[in-house]
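Inside the fold
If you want the building blocks of each chain, they are given just below.
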Amino acid sequence: MERTLYERLGGMDAITAVVEKFRDRVAGDDRINLKFERTDLARLRKMLIDQVCEATGGPCRYNGRSMKEAHAGMGVTRGEFDALVDDLVQTLHQFKVPSREQSELLAILGPLKSEIVEVNSTEVGTALPDIFRPAPALTV
Ligand code: HEM
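Just so we're clear, the structure is a prediction, and the values are computed from it rather than from any experiment. (Residues numbered from 1 in each chain as written. Predicted model: local features only at pLDDT ≥ 70, side-chain atom pairs only at ≥ 80, totals over all residues. Heavy atoms only, no water.)

**Notes on the side chain of Ser121**
- Along the chain, Ser121 turns up in the segment after helix H7 (113-116).
- Here Ser121 falls in the buried class, since its relative accessible area comes to 18%.
- At 2.9 Å, the side chain of Ser121 and the backbone nitrogen of Glu123 are in polar contact.
- Those residues in contact with Ser121 that sit more than four places away from it in its chain are Thr77, Arg78 and Gly79. (Helix = DSSP H or I, 4+ residues; strand = E, 2+ residues; numbered from the N terminus. Buried < 20%, exposed > 50% of the residue type's maximum accessible area, 1.4 Å probe, protein only. Polar contact = N/O pair within 3.5 Å; in protein donor to acceptor, adjacent residues only side chain to side chain. Contact = heavy atoms within 4.5 Å.)

**Some points on the coordination of the iron atom of the ligand**
- Looking at the protein side alone, the iron atom of the ligand has one donor only, His71 (NE2), at 2.1 Å.
- Among the secondary structure elements, His71 is positioned in helix H4 (residues 67-71). (Donors = N, O, S within 2.8 Å, 3.2 Å for Na, K, Ca; no water.)

**Examining the pattern of salt bridges**
- A complete count under the given rule lists 13 salt bridges for this structure.
- Close ionic contact of Glu2 with Arg100 constitutes a salt bridge, the shortest N to O distance being 2.6 Å. A residue pair is termed long-range when its members are at least 10 positions apart, and Glu2 in the segment before helix H1 (5-9) and Arg100 in helix H6 (residues 99-109) qualify at 98 residues.
- Judged by relative accessible area, Glu2 falls into the partly exposed class, the value being 48%.
- The exposure class assigned to Arg100 is partly exposed, which follows from its relative accessible area of 43%.
- Put simply, Lys35 and Glu80 hold a salt bridge, and the shortest N to O gap is 4.0 Å. A residue pair is termed long-range when its members are at least 10 positions apart, and Lys35 in the loop between helix H2 (11-27) and helix H3 (41-55) and Glu80 in helix H5 (residues 78-94) qualify at 45 residues. Assigned by exposure class, Lys35 and Glu80 land together as buried. (Salt bridge = Lys/Arg side-chain N within 4 Å of Asp/Glu carboxyl O.)

**Quick notes on the site of the ligand**
- Neighbouring the ligand are 26 residues, the closest being Thr39, Arg43, Arg65, His71 and Ala135.
- With respect to the ligand, the side chain of Arg43 contributes an N or O atom lying 2.6 Å from an oxygen atom.
- Interatomic distance of 2.6 Å between a backbone N/O atom of Ala135 and an oxygen atom of the ligand.
- Where the shell around the ligand is concerned, the elements lending two or more residues are H3, H4 and H5.
- For the shell around the ligand, the element with the highest residue contribution is H3, accounting for five residues. (Near = heavy atom within 4 Å.)

**Some details on H2**
- When the terminal C-alpha atoms of H2 are compared, their 24 Å separation across 17 residues agrees well with the 24 Å that a helix rising 1.5 Å per residue should span.
- When we look at burial in H2, the residues that qualify are Gly11, Ile15, Thr16, Val18, Val19, Phe22 and Val26. All buried residues of H2 project into a common sector of 165° when viewed along the axis, lining one side. Across H2 from its buried face, at more than 90 degrees, point the exposed residues Asp13 and Ala27.
- In this fold, the buried residues of H2 make contact with H1, H3 and H5. (Expected span 1.5 Å × (residues − 1). Arc of directions from axis to C-beta.)

Here is the structure:
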């Protein structure tokens, strides 16, 4: 039987490492970092790991908000979505993830675009609207 994408990516340790490097890259990217101004980053880290783990066939369960709900009112542009995908691709290159696994992961995440993008524009670096209410912080 063909191994799952989760296994081929290297399992939990590899996914955790990719998510952490990706988060650092996003934090330094002025095209999108304003959007994360009021976000609980510990929660985001956990949610991204669970989402990628589950979506690639791993043993996790994502229990965060739907993509529509999580990004509603954030005013994400098409250009900002593409910038985030660009940061992800750079991170996957950095970890030398083979092109087949890269394509499979992007094929899972790409279709979420329509649930996340609210503004059909190539503009980047747009502010987080005041009305946006972030998800509650994780309680341990
Ligand atoms: C395929 C692309 C994307 C995926 C898979 C994704 C995934 C996620 C997930 C799983 C969460 C956590 C939801 C929760 O806490 O319940 C989240 C939150 C968030 N995402 Fe995304 N996202 C994507 C694109 C973007 C883009 C393009 C931006 C902005 C440029 C963005 C900004 C944010 C922010 C700021 C939060 C935190 C919201 C809060 O504080 O409540 N995301 N995203």
